[in-house]
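Residue strings, one per chain:
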Amino acid sequence: MSYFFDYDRVIEEIEKRGAKKVLLQFPEGLKYFSTEIVEKIQSKMPNVELIISGEPSWGACDVAEDEANIINADLIIHFGHTPYTWYYPKFPTVFINAESRIEINGEQISELKEILKQYDAKSVALTSTIQHHNVLNKIKENLREFEVIIGNPSNPFMFPGQILGCDYKAATSVNADVYVNVSGGEFHVIGLGLATMKPTIKLDPYTMKVEDMTNEVNRILKIRYSKILKAMDARNWVIIQGVKVGQNRPLMVKYFEKKLKERNNNVFIVTNKVLNIDNLRNIDRSYIDAYIVTSCPRLPTDDLFEFEKPVLTPGEAKMIIINKLEPYIFPW
């Protein structure tokens, strides 16, 4: 397998806790390996019942506590994430990093250097998702002509340079000319660009490509500002309160409700577990002007940006409330 699933630790934790029924949870990109993992663990622990969660999991904020309670599991093994910054499950849960075995090659390093030189960069901040944190120091060693910074994350469970889709402390805690992210796809690097507002480069271990994502980030930023400007005159608001255990932020909901009502706005609060455009259209009315999503700040920027009315992140809503359009606030 191209990932290290640390079977020894999984087996050790199951034995240590005396678990007889275990729910295995995976993010979408790792579900592909789930049945093989069950077979490997089962061969060592034939008397333990292993059940795979087929529900989507979008991060360590989305641990399957409800599922585990429904099936009377003793333990959750959650693959692919470290514990979340603001929430730790109440249900017995073990987090397994699932680090990638893919290395960064010399050609990628050379391409990265060329882009950095185009920006006349003196300092470079390196970030990654949990799967690729193990290559950051190797990249740093190969960028000796630059000042390379690997920032500290927001909690002690995370690794230096590690970011989440909603947590960029490892990047925003440092100041650099250019920010580099090691991950697959565009999800994390787009968030990095919105959080730092600096030139942003993606180093993809899967495609072996190095891409300057700065123009794409700027394109998305223009869309976000158009949503903010449209929402500035809104009078009727819907606040979405997430009810997944790691996405429920009642204090944030109350903050926005209070501040909007102080502006003589009408406010409706709607709970939701899995938010999509159809959900919004089902509750939308002609007099509703704008929405705020408090469950996950990536929903407005990624999944709901095409909705016909402004759907804002908490940071964007705060910009309206404090009547200050710069700097752009992302994610919170």
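Residues numbered from 1 in each chain as written. Predicted model: local features only at pLDDT ≥ 70, side-chain atom pairs only at ≥ 80, totals over all residues. Heavy atoms only, no water.

Chemist: Whenever I open this one, the sheet that holds strand 2 (residues 21-25) confuses me. Can you help?
Modeler: Sheets are built from strands that pair by backbone hydrogen bonding, the pairs being arranged parallel or antiparallel. The parallel open sheet is built from four strands, whose spatial order is 3-2-4-5. For this open sheet the edge positions go to strand 3 (49-52) and strand 5 (93-96), each flanked by a neighbour on one side alone. Averaged over neighbouring strand pairs, the angle between their axes works out to 20° when direction is ignored. Docked against the sheet, helix 1 (residues 7-17) engages strand 2, strand 4 (75-79) and strand 5, running at close to 170° with respect to strand 5. The strands touched by helix 2 (residues 34-44) are strand 2, strand 3 and strand 4; relative to strand 3, the strand with the most contacts, the crossing angle is about 170°. (Pairing = 2+ DSSP bridges. Helix = DSSP H or I, 4+ residues; strand = E, 2+ residues; numbered from the N terminus. Axes fitted to C-alpha atoms, helices over the stretch in contact; angles between N-to-C directions. Contact = heavy atoms within 4.5 Å.)

Chemist: I would appreciate a short explanation of the sheet that holds strand 7 (residues 123-128) in the present structure.
Modeler: Strand order in the open sheet made by the five strands is 8-7-9-10-11, with mixed pairing throughout. In this open sheet, the two edge strands, each paired with only one partner strand, are strand 8 (147-149) and strand 11 (209-212). Here the average twist between neighbouring strands, direction ignored, is 25°. Two elements, strand 7 and strand 9 (residues 178-182), share five bridges in a ladder whose sense is parallel. Its bridge partner being in strand 9, L126 is matched across the sheet by V180.

Chemist: Honestly, the packing of aromatic side chains in this entry has me stumped. Any pointers?
Modeler: The geometry of an aromatic ring pair comes down to the distance between the two centres and the angle between the two planes. Enumeration according to the criterion identifies 16 aromatic pairs in this entry. Ring plane angle 40° and centroid distance 6.0 Å describe the contact between Y88 and F157, whose orientation is recorded as tilted. You can see Y88 sitting in the loop between strand 4 and strand 5 and its partner F157 sitting in the loop between strand 8 and helix 6 (169-172), a full 69 residues away along the chain. Accessibility expressed as a relative area gives 42% for Y88, which makes it partly exposed. One aromatic cluster is present, built from ring pairs that chain together Y3, F5, Y7, F26, Y32, F33 and F79. Its guanidinium or amino end placed over the ring of F187, R298 lies 3.9 Å from that ring's centre, counting from NZ or CZ. (Phe/Tyr/Trp six-rings, centres within 6.5 Å; stacked < 30°, edge-to-face > 60°. Buried < 20%, exposed > 50% of the residue type's maximum accessible area, 1.4 Å probe, protein only. Lys NZ or Arg CZ within 6 Å of the ring centre and 35° of its normal.)

Chemist: Got a minute to help me understand the side chain of S100 in this structure?
Modeler: Note on placement: S100 falls in strand 6 (residues 99-100). Note on S100: relative accessible area 3%, which makes it buried. Polar side-chain contacts of S100 include one of 3.0 Å to the backbone nitrogen of I102. (Polar contact = N/O pair within 3.5 Å; in protein donor to acceptor, adjacent residues only side chain to side chain.)

Chemist: Help me understand the environment of L229, please; the structure alone is not making it clear to me.
Modeler: For L229, the location among the structural elements is in helix 8 (residues 214-231). Since its relative accessible area comes to 47%, L229 is described here as partly exposed. Each C-alpha atom, one on L229 and one on L325, is 9.0 Å from the other, the two residues being 96 residues apart in sequence.

Chemist: Can you help me understand the pairing of strand 7 in this one?
Modeler: In the case of a regular strand, side chains alternate between the two sheet surfaces. In terms of burial, strand 7 is largely enclosed, as six of its six residues are buried. Side chains of strand 7 alternate between two faces, with S123, A125 and T127 and V124, L126 and S128 buried alike. Examined bridge by bridge, strand 7 and strand 8 share three bridges and lie parallel to one another. Along strand 8, the bridge assignment pairs A125 with I149. Taking the sense of rotation as the criterion, the β-α-β connection linking strand 7, helix 5 (residues 136-141) and strand 8 turns out right-handed. (Right-handed = clockwise from strand over helix to strand, strands pointing away.)

Chemist: How do you make sense of the domain arrangement of the protein when you look at a structure like this?
Modeler: Many analyses report the size of an interface as the accessible area lost when the parts associate. When its domains are assigned, the protein resolves into domain 1 (3-98), domain 2 (106-220) and domain 3 (232-322). Between domain 1 and domain 3, the C-alpha centre-to-centre distance is 32 Å. The interface is formed by ten residues belonging to domain 1 together with six residues belonging to domain 3. Summing both sides of the interface, domain 1 and domain 3 together bury roughly 570 Å²; the carbon and sulfur share of this comes to 45%. Salt-bridge contacts for K244 lead to D62; the nearest nitrogen and oxygen are separated by 2.9 Å. Inspection of the region where domain 1 meets domain 3 yields four residue pairs in polar contact (both at pLDDT 80 or more). (Domains from an automatic or database assignment. Buried area = accessible area lost by both parts, 1.4 Å probe. Salt bridge = Lys/Arg side-chain N within 4 Å of Asp/Glu carboxyl O.)

Chemist: Where do I start with the pattern of salt bridges in this structure?
Modeler: Per the counting criterion, the structure on display carries 20 salt bridges. Between K113 and E145 there is a salt bridge, with its nearest N and O atoms 3.4 Å apart. Residue K113 is located in helix 4 (residues 106-118), and its partner E145 is located in the loop between helix 5 and strand 8; the two are separated by 32 residues in the primary sequence. Close ionic contact of D120 with K122 constitutes a salt bridge, the shortest N to O distance being 3.2 Å. Judged by relative accessible area, which is 52%, K122 ranks as exposed.

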